[in-house]
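Chain and residue survey
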Amino acid sequence: MTRWSRAEAAAVAEQAVSFKELEVSASCLASFFEIKEKFYGKFMLSICLLKRRHQQEAGSERRLVSRPMPGVVAAPRPTAAMELPVEPQSLKKLSFKSLKRALDLFSPIHGHYSPSDPESKRIRISYKVQAEFGSVANLSGQQAREQNNPGGLGKGDQASTATALALPGSQEAKASQNDGNQNAIVPAPTMLPKGPEIGTASRNTGTVLSGTDRYQSTSALMERIPSRWPRPTWHPPWKNYRVISGHLGWVRSIAFDPSNSWFCTGSADRTIKIWDVASGRLKLTLTGHIEQIRGLAVSQRHTYLFSAGDDKQVKCWDLEQNKVIRSYHGHLSGVYCLALHPTIDVLLTGGRDSVCRVWDIRTKAMVMALSGHDNTVCSVFARPTDPQVVTGSHDTTIKFWDLVAGKTMTTLTHHKKSVRAMALHPKERAFASASADNIKKFNLPKGEFLHNMLSQQRTIINSMAVNEEGVLATAGDNGSLWFWDWKSGYNFQQAQTIVQPGSLDSEACIYALSYDISGSRLVTCEADKTIKMWKEDRSATPETHPLNFKPPKEFRRY
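Residues numbered from 1 in each chain as written. Predicted model: local features only at pLDDT ≥ 70, side-chain atom pairs only at ≥ 80, totals over all residues. Heavy atoms only, no water.

Going by the annotation in an unreviewed UniProt entry, the name recorded for the protein is WD domain, G-beta repeat, with Musa troglodytarum given as the source organism. Checking UniProt for the protein, the heading Sequence similarities (unreviewed entry) contains the comment "Belongs to the WD repeat PRL1/PRL2 family." (UniProt positions renumbered as here; feature names shortened; annotations may be inferred.)

Turning our eyes to something else, we now look at unusual backbone geometry. Note the cis peptide between D386 and P387, where omega equals -5°. If you trace the backbone, P387 turns up in the loop between strand 16 (377-382) and strand 17 (389-393). The omega torsion across L444 and P445 is 10°, close enough to zero to call that bond cis. Within the element layout of this structure, P445 appears in the loop between strand 22 (439-443) and strand 23 (449-452). Phi at K364 takes a positive value of approximately 65°, unusual for a residue other than glycine. Topologically, K364 is positioned in the loop between strand 14 (355-360) and strand 15 (366-371). (Helix = DSSP H or I, 4+ residues; strand = E, 2+ residues; numbered from the N terminus.)

Okay, the nonpolar core next. Counting 17 residues, the largest nonpolar core has W238, A473, L481, F483, L513, Y515 and L522 as the members making the most contacts within it. Setting aside chain neighbours within four positions, we find Y515 in contact with W238, F256, A465, V466, N467, V471, L472, A473, F483, R521 and L522. (Core = buried A, V, L, I, M, F, W, Y, C linked by side-chain atoms within 4.5 Å. Buried < 20%, exposed > 50% of the residue type's maximum accessible area, 1.4 Å probe, protein only. Contact = heavy atoms within 4.5 Å.)

Before going further, it helps to spend a moment on the pairing of strand 8 (residues 293-298). Of all six residues in strand 8, six are buried, a share of seventy percent or more. One ladder, built from five bridges, connects strand 8 with strand 9 (residues 304-309); its direction is antiparallel. The residue of strand 9 that forms the bridge with G295 is A308. The antiparallel hairpin formed by strand 8 and strand 9 contains five residues in its connecting segment. (Pairing = 2+ DSSP bridges.)

This part takes up empty space enclosed by the protein. In the structure shown here, the tally under the stated rule is one cavity of 30 Å³ or more. Taken as a whole, the largest cavity spans an internal volume of roughly 30 Å³. In this structure, the largest cavity is lined by S435, A436, D437, N438, I439, S455, Q456, Q457, R458, T459, I461 and W484. For the lining of the largest cavity, the residue count by class is four nonpolar, six polar and two charged. (1 Å grid on protein atoms, 1.4 Å probe; cavity = no way out; pocket = protein on both sides within 12 Å on 5 of 7 lines; lining within 4 Å. Points joined across faces, edges and corners; volume = space filled by probe spheres on them. Nonpolar A, V, L, I, M, F, W, Y, C, P; charged D, E, K, R; others polar.)

Quick look at the pattern of salt bridges now. By the definition in use, this model includes nine salt bridges. Note that D537 is salt-bridged to K239, the shortest N-O span being 3.8 Å. Linking D537 in the segment after strand 30 (530-536) with K239 in strand 3 (residues 238-245), this pair joins segments that are 298 residues apart in sequence. On the accessibility criterion, D537 (16% relative accessible area) is buried. K239 sits in the partly exposed class, given a relative accessible area of 37%. In this structure, the salt-bridge partner of K532 is E526, at a minimum N-O distance of 2.8 Å. As far as the burial class goes, K532 and E526 line up, both buried. Bridged by salt links that share partners, the residues E526, D528 and K532 form one connected network. (Salt bridge = Lys/Arg side-chain N within 4 Å of Asp/Glu carboxyl O.)

Secondary-structure assignment places R521 in strand 29 (residues 521-526). Owing to a relative accessible area of 23%, R521 belongs among the partly exposed residues under this scheme. Once the C-alpha coordinates of R521 and V277 are considered, the two residues, 244 residues apart in sequence, prove to be 9.3 Å apart. Residues within four places of R521 in sequence aside, it is in contact with W238, Y241, N260, V277, A278, S514, Y515, D516, M533 and W534.

What follows is about the state of the cysteines. Applying the stated criterion across every chain, the model contains zero disulfides. In this structure C378 is a free cysteine whose sulfur lies 6.8 Å from that of C337, the closest cysteine sulfur available. With relative accessibility at 12%, the residue C378 sits in the buried group. No disulfide involves C525; its sulfur sits 9.4 Å from the nearest other cysteine sulfur, which is in C264. (Disulfide = S-S within 2.5 Å.)

The residue C316 is located in strand 10 (residues 314-318) in this model. Taking relative accessible area as the criterion, C316 reaches 0% and is therefore assigned buried. Measuring from C-alpha to C-alpha, the distance between C316 and I361 comes to 8.4 Å, with 45 residues separating the pair along the chain. Once you skip the residues sitting within four places of it in the chain, C316 turns out to touch Y304, L305, F306, K323, V324, I325, R326 and Y328.

A separate point is the packing of aromatic side chains. Enumeration according to the criterion identifies 14 aromatic pairs in this entry. With a centroid separation of 5.4 Å and an interplanar angle of 35°, the aromatic rings of W250 and Y511 are classed as tilted. Pair noted here: W250 is in the loop between strand 3 and strand 4 (251-256) and Y511 is in strand 28 (residues 510-515), with a separation of 261 residues, a long-range link. Accessibility expressed as a relative area gives 37% for W250, which makes it partly exposed. Connected via pairs of aromatic rings, a cluster forms that spans F381, F400, F431, F442 and F449. Stacked on the ring of Y511, the Lys or Arg R252 has its end atom at 4.0 Å from the ring centre. Above the face of the Y241 ring, K535 is positioned so that its terminal group lies 5.0 Å from the ring centre. (Phe/Tyr/Trp six-rings, centres within 6.5 Å; stacked < 30°, edge-to-face > 60°. Lys NZ or Arg CZ within 6 Å of the ring centre and 35° of its normal.)

The next point concerns the pairing of strand 17. Taken across its five residues, strand 17 has five buried, putting it largely inside the fold. Residue alternation in strand 17 divides its side chains into two sets, V389, T391 and S393 and V390 and G392, and both sets are buried. Of the strand pairs in this sheet, strand 16 and strand 17 are connected by five bridges, and their pairing is antiparallel. Residue pairing in the sheet places A382 in a bridge with V389 of strand 17.

Okay, structure coming up:
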């Protein structure tokens, strides 16, 4: 009796397993491709013969190895390390091999496809003709009836519609159309009018585009509707022309004098500095706060300057005496924003206590507390008419307030991130709000959403301002300064601030910006302790800086 080694027994077992997988793959192949019974029988017969032949060859090799010839020294039996490993074959690979073998056996001509069915081809062509030229066929039939009956159409003619497709041809083809074959492709007169008249066009349009024909007309026949998006107005690019140094900390706030002769800035060094607009020289330094100053406002009717900071204090400075004459106490945490009412002596402040407080300037009394936000109130502006107070908060909402009743009029929930900045247009009854997700424009007084700006700055926007010419400027936390066309929302310039020598690159951040009273100069307050002034490049022309404007394809509501 022949004794096999462990390696030989493993090889035979693997061959048996492979043949078992081959049988399974053949059965799967037969069931999947629906091979006929006789072909499947031949295929299984060939597999069985191949299996028997393989077994016979393996048995003869084993007999030769176990019974050497007389006089011949038997070669040493190869050990397990010397034997070649049997390549494992998966069921997927065996199935592909079986598929190839089946194609070799049963496919007489490779690449030979069965002829197409003429009936299906006719149905496909007729449907395509009807889908592409259905409306043209109706239009041509209507024109043909009008030419044959110039006096007018009867009731029967109005009810019936022809579906013949008109092709250029001779006048002899009209007889075939009148014979009753309404679905045929009939040649039309060669001299067709270039364009229908206004009266007949409206009548034909009502006939052609009724029902489902309006959705089956081709793009060549459809009227091209121009984009409803307004085209942007060309604005010259802005450039930096002056850098002012003087603060010892981050510059966090800015306000302009109504006479446009000076502006003031508040900083993290707890000082307020007053600068000359024309020359950029320092005129005055005011000290009194014990934390950084986050908000500034200059009164248009009094010689007062108002400041607010992280020390919970709101101060009123008399610029004739250059000292604090009033302090407004009531905030429970830092004050982040500040605004003056344009017509009455009322001061508005918002801070980390989630409340917008209304102060009487003269009596220092808090008139009311506008509570309703769930997080920090970081932006506020006032209007002479309702809504007189508009606030933006870190809770992603914008609220319109009734100043008489002290209640919320409207809450806008369009933003998904904190509303850190808002800008009221000086002429239009609209305002823009900035968040990390998008910049949105709203109508006043109802707060209707107008549109988004066409680009995303993709950073935290700390401040924004708009001038009378419709140039909106937004300042980002990464030092980006983008300029937008107010009407269309088109971003026509993307500037990047440059930190002063000795500062870190991470200090390229703009905390506040404001236009001067004329709107011709822009001043930015930055984290590198500098103040930068910008103006329009007068040498630029529409030819040197053309508009690359592409209107959006759709209106996005949110």
